[in-house]
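# Report on the structure
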Amino acid sequence: MSEPRPGRLKVFLGAAPGVGKTYRMLDEGRRRMARGTDVVVAFVECHNRPYTLAKLAGLEVVPRIEREYRGAVLSELDLDAVLARRPEVALVDELPHTNPPGSRNAKRWQDVETLLAAGIDVVTTVNIQHLESVNDVVEKITEVPQRETVPDEAVRRAFQIELVDMPADALRRRLAHGNVYAPEKIDAALANYFRIGNLTALRELALLWVAGRVDEALQKYRSDHGIGGVWETRERVVVALTGGPEGQTLIRRAARIADRSAGGDLLAVHVARSDGLATGSSPVALARQRQLVESLGGSYHSVVGDNVPGALLEFARGAGATQLVLGSSRRGRLEKLLTGRGIGDTTVTSSDEIDVHIVTHERAGRGRLLPSRRRTLSTSRLIAGPVAGLVLPFALAAILAGNRGSLNLTSEALLFLLTVVAVACVGGVLSAVVASITASLVLNYWFIPPIGKFTIAEPNNILALAVFVVVAGTVAAIVDRSLRLSRRAARATAEAETLSSLAGGIVRGGDVLPTLLERARETFGMDSAELAPGPVDDDSAVQVPAGGGSVLVLRGRSLPAADQRVLAAFAAHVSVAVERARLAEAAAEIEPVKAADRMRTALLAAVSHDLRTPLAVGWAAVSSLRSQDVRFSDEDRDELLATAEESLSRLNRLVDNLLDMSRLQAGALSLKVRTTTLEEVLPAALESLEAASDVVAHGLEQAPAVRADPPLLERVVANLISNAVRHAPPGKPVLLTASALGDRVELRVIDRGPGLAEENRERVFEAFQRMGDTDNSTGLGLGLALARGLTEAMRGTLTPEDTPGGGLTMVLSLPAAPDPGPVPPQRGAGNGASDPPPAGGPDTTATAPPGR
């Protein structure tokens, strides 16, 4: 027989009470019932709203179960009845509701998980203020703490989330008309929780949260279908930074563009040119601009690319950007004329579906701040330089020939020298050589006697021409060396920025390996980056050793030799990350040894704690029987023998545990973990307690089996119950409840004592203390320390919680035994109520008084 498929969850999400979530849920139920689906109302709270009650008519309602809590009788969801009824669809209202003690689950969302695991579809409701991720934001907005929350994951995994939306004014009108609360509560509600500002802010939170879930689904769809193009469903604005003073202007402009569409993303990118294109880049300015981007909620990225427009567009497309913000060129008119098209024009031409904004700023057209860090020669300059070296000397000769006689030969030679220097600045050393040869020939032919011939009559003119050639060559060499040094400095700056970012990631720690691989792919403009256990059989891939036999593999394009040094640094950082991961694994392997050590310490410490009572009782019984002063009747003698036998039996069990622990520490014995049940362990645990009658167990027989060592589990439960009984007030029995939560089973030992202050919740598990107890006859304060040590040895956890209404609840969590059926996801943290009361906030749960 096949197991039932897990049920599907549909959630109606609202911004505030009264928007119509329950009404829509009931309408959904009626619609499905009309299609022939078996629908029941598992729990619905109509709040006496007539329109909602009208929708309830005609639907089958599962009777509720009544539970007593703090002197009141509460009408709650009967989970067992719904499971027994087994409908196709169950309607469950108020998802964050907290169940009273004694219920099968602590929270209603856990009841819903149980129904889904049984194959029942569930339709439910929740307000945005009860989601755990926005709980603190809602409290800041409304100044009302939300005591009951539901984990976002419990809602996020729904197959359908439907937003029930209503404008703030319309909701206030509905409230004023008496369609939400009773008339005596309307004024208080309108003046407090239901203020226009509160409702508008909550509505925006709800819209953004749902939009985020839709965006996650869209990205998953695009990834699954290999869609790489830009879909303009959400604005993602990329701003290009050069490190110049205009950066802050561009960032703020881009942030305003992103803010115009709620939920827009801001990404800043700096292209560190490997070939010297780092003109105007200041590391200090980039650091400040990075801080500004992050303060505005954006993210900062740095990439290395030989082609700035291509690198910008590649990054933008990879990030799914819809808009790209660039600054106006800082080049002057002459530089634009000499160098041709700039980055902005090239980016606009190649942007395709990405909108490009060219933003003006205070440095636009005013030239570069750092002229010494020149660009590597572009194609246009490589062509223009030699051409200018051939043309400009003839043009100058024509001008000077028209004014022959006004200047002497020295002045004319200096003008030709100035022309050579200008050509060298434009086209580099090769252009300077062409210009110097051309200029020397033109100067010799037209200006050095005899004119019109390539001969020199006077020796002084020979010296002047020689000096001209030497000066021209020297200037050209200096210009070329300056360009080379500029390239190296820019390359070093780019590498330093990249390596600084890598080092920062390593220092921050955490799981940095995926980030490093993504940064490597992003920095070198590759299609993919991965860490392989060894060399891969792929000639097109770039492979670099990363330590420990691993290889950093990048695919996408071939890398120039100049990039190998930075790539080697990436590989070194990846090697460090791998080594850190190995050390973390080694540390994880030590945890079982530490757990075993805690168990040994706890068990050995128990000698003076747990052996005292049976030893003393058995000793007293045997001593009485040996006494010659008192004659005992047969009944008294049998009773003393029975007492001695029981005490010695308990003593034998404890000694066996200690001996087993000794064998375990010696490596000769392992934990006898097997499948057992709490119902099986509880009688033996209660048998060792004198006040077993003060304990009430509920629901243990329905709890799933656990994986544990039964004798050790028996000792843990006995210690927890003993501690709870000792602190419980007279007439208030200790309550034991059990429930399944995901792949764990939780046993709750609940008392109504004085509770435990927050700061003492870890101290209570320390050995040799009794948290203020003054009765030294009750032991040495090892009970809870022993219980936690044994629990952790069985891969469980033991944590204290407040008991609603006062007291302490010890939560023992153990791994559930394997179950072939579907396992519901683990519960998250949080408490939850559904609708806040109209006076301005949800009902609060009484907190336990401090001290234990």
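Residues numbered from 1 in each chain as written. Predicted model: local features only at pLDDT ≥ 70, side-chain atom pairs only at ≥ 80, totals over all residues. Heavy atoms only, no water.

When its secondary structure is counted, the protein chain shows 25 helices and 23 strands. A total of 852 residues make up the protein chain; the buried ones form 46% of that total. By sequence separation, contacts in the protein chain at least 24 residues apart represent 73% of the contacts at least 6 residues apart. Only carbon and sulfur atoms are counted for the fraction: they give 55% of the accessible area of the protein chain, which is about 41400 Å². (Helix = DSSP H or I, 4+ residues; strand = E, 2+ residues; numbered from the N terminus. Buried < 20%, exposed > 50% of the residue type's maximum accessible area, 1.4 Å probe, protein only. Contact = heavy atoms within 4.5 Å. Areas by Shrake-Rupley, 256 points an atom, 1.4 Å probe, with all protein chains shown as cover.)

Turning our attention to the environment of Val-62. Mapped onto the fold, Val-62 is located in the loop between strand E3 (60–61) and strand E4 (65–69). The sequence separation of Val-62 and Leu-77 amounts to 15 residues, and the corresponding C-alpha distance is 8.5 Å.

Another point: the pattern of salt bridges. Summed over all chains, the structure comprises 20 salt bridges. For Asp-80, the salt bridge is made with Arg-104, and the minimal N-O distance between the two is 2.8 Å. With Asp-80 in helix H3 (residues 79–85) and Arg-104 in the loop between strand E6 (89–92) and helix H4 (108–117), this pair connects stretches of sequence that are 24 residues apart. Of the charged contacts, one joins Glu-113 and Arg-157 as a salt bridge, the two residues approaching to 2.4 Å between their closest N and O atoms. Linking Glu-113 in helix H4 with Arg-157 in the loop between helix H6 (152–156) and strand E8 (160–164), this pair joins segments that are 44 residues apart in sequence. The buried category is assigned to Glu-113, whose relative accessible area is 7%. (Salt bridge = Lys/Arg side-chain N within 4 Å of Asp/Glu carboxyl O.)

In regular strands, side chains alternate between the two faces of the sheet. Two strands pair when backbone bridges link them, and E4 and strand E5 (residues 72–76) are joined in this way by five bridges, in the antiparallel orientation. In the strand pairing of E5, Ile-65 is matched with Glu-76. Taken together, E4 and the strand that follows it, E5, pair antiparallel across an intervening segment of two residues, in which Arg-70 is found at a positive phi of about 55 degrees. (Pairing = 2+ DSSP bridges.)

Along the chain, the position of Gln-323 falls in strand E12 (residues 323–327). A polar contact of 2.4 Å, which involves the side chain of Gln-323, links it to the side chain of His-357. Ignoring any residue separated from it by four or fewer positions in sequence, one finds Gln-323 in contact with Glu-235, Arg-236, Val-237, Val-238, Ile-257, Ile-354, Asp-355 and His-357. (Polar contact = N/O pair within 3.5 Å; in protein donor to acceptor, adjacent residues only side chain to side chain.)

Moving on, we get to the sheet that holds E3. Spatially, the six strands line up as an open sheet ordered E3-E2-E6-E7-E1-E8, and their pairing is parallel. Two strands bound the open sheet, and with one partner strand each, they are E3 and E8. Bridge analysis of strand E2 (residues 39–43) against E6 gives four bridges, and the strand direction is parallel. Note that in E6 the partner of Phe-43 across the bridge is Val-92.

To continue, consider unusual backbone geometry. You will see that His-47, though not glycine, has its phi angle at about 55 degrees, which is positive. Secondary-structure assignment places His-47 in the loop between E2 and helix H2 (50–56). Even without being glycine, Arg-86 reaches a positive phi, approximately 50 degrees. Among the structural elements, Arg-86 can be located in the loop between H3 and E6.

This part covers the sheet that holds strand E22 (residues 797–802). As summarised here, the arrangement of the five strands in space is E18-E20-E21-E23-E22, forming an open sheet in which the pairing is mixed. Two strands bound the open sheet, and with one partner strand each, they are strand E18 (695–698) and E22. For this sheet the average axis-to-axis angle between neighbouring strands, irrespective of direction, equals 20 degrees. By the bridge criterion, seven bridges tie strand E21 (residues 744–750) to strand E23 (residues 808–815) in an arrangement that is antiparallel. From the neighbouring strand, Ile-750 faces E23, where its bridge partner is Thr-809. Contacts from helix H24 (residues 710–727) reach E18, strand E20 (734–741), E21, E22 and E23 within the one sheet, and its direction differs from that of E23 by about 170 degrees. (Axes fitted to C-alpha atoms, helices over the stretch in contact; angles between N-to-C directions.)

Treat this as a map of the structure, not an account of what it does.
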